[in-house]
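Structure at a glance
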Amino acid sequence: MKNIALVLSYDGTNYNGWQVQKNGPSIQQSIETALFRLLGQQVRVSGVGRTDAGVHARRYVANFRAECTIPVNRLPYAVNSFLPEDIAVSAAAAVPDGFDARFDCTKKEYAYYIYPSALRDPFHARYAYRYNFPLDLKRMQEGAARFVGRQDFAAVRSQGTPVKSTVRTVFWCEVEPADELICIRVCGDGFLYNMVRAIAGTLIYVGGGKLTPDDISSILRAGKRGQAGPTLPACGLFLNRLWYDHTPALASFRLDV
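These remarks concern the structure in this document. As the structure is a prediction and not an experimental result, all values here were calculated from the model.

Rules and cut-offs
- Residues numbered from 1 in each chain as written.
- Predicted model: local features only at pLDDT ≥ 70, side-chain atom pairs only at ≥ 80, totals over all residues.
- Heavy atoms only, no water.
- Helix = DSSP H or I, 4+ residues; strand = E, 2+ residues; numbered from the N terminus.
- Rg over C-alpha atoms; globule rule 2.2 N^0.38 Å.
- Buried < 20%, exposed > 50% of the residue type's maximum accessible area, 1.4 Å probe, protein only.
- Contact = heavy atoms within 4.5 Å.
- Areas by Shrake-Rupley, 256 points an atom, 1.4 Å probe, with all protein chains shown as cover.
- Lys, Arg positive; Asp, Glu negative; His and termini not counted.
- Charge placed at Lys NZ, Arg CZ, Asp CG, Glu CD.
- Phe/Tyr/Trp six-rings, centres within 6.5 Å; stacked < 30°, edge-to-face > 60°.
- Lys NZ or Arg CZ within 6 Å of the ring centre and 35° of its normal.
- Arc of directions from axis to C-beta.
- Salt bridge = Lys/Arg side-chain N within 4 Å of Asp/Glu carboxyl O.
- Core = buried A, V, L, I, M, F, W, Y, C linked by side-chain atoms within 4.5 Å.
- Expected span 1.5 Å × (residues − 1).
- Polar contact = N/O pair within 3.5 Å; in protein donor to acceptor, adjacent residues only side chain to side chain.

**Observations regarding the overall build of the protein chain**
- When helices and strands are tallied, the protein chain shows six helices and ten strands.
- In terms of overall size, the protein chain behaves like a compact globule, its C-alpha atoms giving a radius of gyration of 19 Å where 257 residues would be expected to give roughly 18 Å.
- Residues classed as buried in the protein chain amount to 52% of the 257 residues present.
- Considering only contacts in the protein chain between residues 6 or more positions apart, those separated by 24 or more positions represent 71%.
- Carbon and sulfur atoms provide 50% of the accessible area of the protein chain, an area that totals close to 12400 Å².
- The distance from the centre of the 30 positive side-chain charges to the centre of the 23 negative ones in the protein chain is 5 Å.

Now the structure itself:
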């Protein structure tokens, strides 16, 4: 029995998120179905995190245990032949038996894309949130810095699966232009439900003048969800980069670039 890690990416538009759902297709289900068709075995795939419905991933790591005689360097080609066009495996590696894609990940970076325009662009519709009004990039950058550090992020999470603590560490939160889009990049040791989408919504309020950068610190201290900005739609969110600092088998796949 081998423990195998897969590196993949996907367009989440047509899926109800990573995790298997009763009410619609999921990325996990697609991967498990492809592996069953390839290997003739029922396998359970464990992913680095539960991306929500409509959220995308540039880099995602999942692992499974199975009897597999296919060389790992050929496995991506074999699995991809059974996957839909909007999911692709780019690499595979044999990992230690105790490896788990979720718990061995030391930090993750999400990117949220905003298209500040009063007019629609069909080529951004699936991958960025269109905001009708101008945004002050400098104010957003100043506000983003207030999210950095180890603090309580209860003010920027939605109610979902109960958690023991709402304290997390954000290593960086940056706002930068990306051609005609604005990109918000947030890296942390873990994230609460809808946390990045709520951070992005709060920074839109800062960029649009509804909040000041200093307001963010007060909002985080108060811990009241209603004081922060809205939870933005899933279409603009990407799981962007991953770090596996203690897993040499994944080091060559450049998950952090």
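**Thoughts on the packing of aromatic side chains**
- Tallied over the full model, the rule gives nine aromatic pairs.
- On the numbers, 5.8 Å between centres and 75° between planes, the contact of Trp-172 with Trp-243 is edge-to-face. Of this pair, Trp-172 sits in strand β8 (residues 167-178) while Trp-243 sits in strand β10 (residues 237-243), and the two are 71 residues apart along the sequence.
- Among the aromatic side chains, those forming a connected cluster through ring pairs are Tyr-10, Trp-18 and Tyr-60.
- The cationic tip of Arg-74 hangs over the ring face of Tyr-77; the distance from NZ or CZ to the ring centre is 4.4 Å.

**With respect to helix α5 (residues 213-222)**
- Among the residues of α5, Pro-213, Ile-216, Ile-219 and Leu-220 are the ones counted as buried. The buried side chains of α5 occupy one side of the element, clustering within an arc of 95° when seen end-on.
- Tucked inside the fold, the buried residues of α5 contact α3 (137-145), β7 (149-152) and α4 (195-207).
- Among the residues trailing α5, Gly-223 stands out with phi positive, at a value near 70°.

**Quick notes on the pattern of salt bridges**
- Counted according to the given criterion, the structure contains nine salt bridges.
- The salt bridge partner of Asp-11 is Arg-126, with a shortest N-O separation of 3.0 Å. One end of the pair, Asp-11, is in the loop between β1 (2-10) and α1 (27-39); the other, Arg-126, is in the loop between β5 (107-116) and β6 (129-131), with 115 residues separating them in the sequence.
- Residue Arg-126 is classed as partly exposed on the basis of its relative accessible area, which comes to 37%.

**With respect to the nonpolar core**
- Counting residues in hydrophobic clusters, the biggest one holds 76 residues, and the most contacted among them are Leu-8, Val-61, Phe-64, Leu-203 and Tyr-244.
- Top element by residues in this core is α4. It accounts for eight residues.
- In contact with Leu-8, not counting residues within four places along its chain, are Ile-27, Ile-31, Arg-58, Arg-59, Tyr-60, Ala-62, Ile-87, Ala-88, Val-89 and Ser-90.

**Brief notes about α1**
- For α1, spanning 13 residues, the distance from its first C-alpha to its last is 18 Å, which sits close to the expected 18 Å at 1.5 Å a residue.
- Tucked into the core, α1 has its buried residues touching β1, β3 (56-66), α2 (75-80) and β4 (87-94).
- The backbone nitrogen of Gln-29 lies 3.1 Å from a side-chain oxygen of the residue at the head of α1, namely Ser-26.
- Of the residues trailing α1, Gly-40 is marked for its positive phi of about 70°.

**Remarks on unusual backbone geometry**
- If you check the backbone angles, Asp-179 has positive phi at about 60° while not being a glycine.
- Note on placement: Asp-179 falls in the loop between β8 and β9 (181-188).
- Asp-179 sits in the exposed class, given a relative accessible area of 81%.
- Here Arg-254, not a glycine, exhibits a phi torsion of approximately 55°, which is positive.
- Tracing the backbone shows Arg-254 in the segment after α6 (248-251).

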